[in-house]
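A structural walkthrough
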Amino acid sequence: MQYIHCGINNCYYWSEGNKCTANEIVIVSDRFGNAVPDSIDATMVSTINPTSVNSCMETCCKTFVEKGPKHIKSDEYRTK
Ligand code: SF4
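Not measured: the values here are computed from a predicted model. (Residues numbered from 1 in each chain as written. Predicted model: local features only at pLDDT ≥ 70, side-chain atom pairs only at ≥ 80, totals over all residues. Heavy atoms only, no water.)

Glancing now at the overall build of the protein. A tally of regular secondary structure across the protein gives two helices and four strands. Listing the helices and strands of the protein from first to last along the sequence gives β-β-β-α-β-α. For the protein, with 80 residues in total, the buried portion stands at 21%. Considering only residue pairs separated by 6 or more positions, the protein has 57% of its internal contacts joining residues 24 or more positions apart. Only carbon and sulfur atoms are counted for the fraction: they give 55% of the accessible area of the protein, which is about 5,700 Å². (Helix = DSSP H or I, 4+ residues; strand = E, 2+ residues; numbered from the N terminus. Buried < 20%, exposed > 50% of the residue type's maximum accessible area, 1.4 Å probe, protein only. Contact = heavy atoms within 4.5 Å. Areas by Shrake-Rupley, 256 points an atom, 1.4 Å probe, with all protein chains shown as cover.)

Here it is, written out as structure tokens:
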């Protein structure tokens with residue numbers, strides 16, 4: 001994703017220069033992110049009900065997946 005900048009360097013999709021290399025990402029509220037499993041992600045965006053938050057502190061990247069073989073395997077349906 002060319003125009004997404006991100007400082008989470010332990011994410012599988014993070015790249016040098018603070019770039020996100022995911023083809024697509026989905027941002028949700030912290031509340032929603034905490035309530036649903038990791039399998040709910042950008043590929044299912046049409047099923048996610050939009051919601052509102054009070055500040056950026058209440059949002060999260062649902063596409064985040066920690067680097068490492070164990071974690072990548074659990075998200076293998078996604079490609080860089
Ligand atoms: S998927 Fe989310 S957390 Fe991971 S690099 Fe992209 S924007 Fe950052």
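Moving on: the site of the ligand. Close to the ligand lie Cys6, Cys11, Tyr13, Trp14, Cys20, Ile25, Cys61, Thr63 and Phe64. The cavity where the ligand resides is the largest pocket. Residue composition of the shell around the ligand, by class: eight nonpolar, one polar and no charged. (Near = heavy atom within 4 Å. 1 Å grid on protein atoms, 1.4 Å probe; cavity = no way out; pocket = protein on both sides within 12 Å on 5 of 7 lines; lining within 4 Å. Sits in = over half its atoms within 2 Å of the grid points. Nonpolar A, V, L, I, M, F, W, Y, C, P; charged D, E, K, R; others polar.)

What follows is about the packing of aromatic side chains. Ring pairs (aromatic) are described by centroid distance and by the angle formed between their planes. One pass over the full model with this rule turns up one aromatic pair. Ring centres of tyrosine 12 and tyrosine 13 lie 4.9 Å apart, and the angle between their planes is 75°; this geometry places the pair in the edge-to-face category. In this structure tyrosine 13 comes out as buried when scored by relative accessible area, which is 3%. (Phe/Tyr/Trp six-rings, centres within 6.5 Å; stacked < 30°, edge-to-face > 60°.)

Turning to the layout of surface pockets, a few remarks are in order. Of the volumes computed, that of the largest pocket is approximately 180 Å³. Around the largest pocket, the lining is made up of 14 residues, and of these Cys6, Ile8, Cys11, Cys61 and Phe64 lie nearest the centre. For the lining of the largest pocket, the residue count by class is 11 nonpolar, two polar and one charged. (Points joined across faces, edges and corners; volume = space filled by probe spheres on them.)

Of note, serine 29 is situated in strand S3 (residues 27-29). Residue class for serine 29 comes out buried when judged on its relative accessible area of 10%. Only 3.0 Å separates the side chain of serine 29 from the backbone nitrogen of phenylalanine 32, close enough to count as a polar contact. Not counting residues up to four positions away in its chain, the partners in contact with serine 29 are Thr51, Val53, Glu58, Thr59 and Cys60. (Polar contact = N/O pair within 3.5 Å; in protein donor to acceptor, adjacent residues only side chain to side chain.)

Within the element layout of this structure, valine 65 appears in the loop between strand S4 (59-61) and helix H2 (69-74). Take valine 65: its relative accessible area is 5%, and that puts it in the buried class. Along the sequence, valine 65 and tyrosine 12 sit 53 residues apart, while their C-alpha atoms lie 5.7 Å from each other.

Next up on the list: the environment of serine 15. Among the secondary structure elements, serine 15 is positioned in strand S1 (residues 14-15). The sequence separation of serine 15 and histidine 5 amounts to 10 residues, and the corresponding C-alpha distance is 9.4 Å.

The subject of this paragraph is unusual backbone geometry. Even without being a glycine, asparagine 18 presents a positive backbone phi close to 55°. Take asparagine 18: it is sitting in the loop between S1 and strand S2 (19-20).

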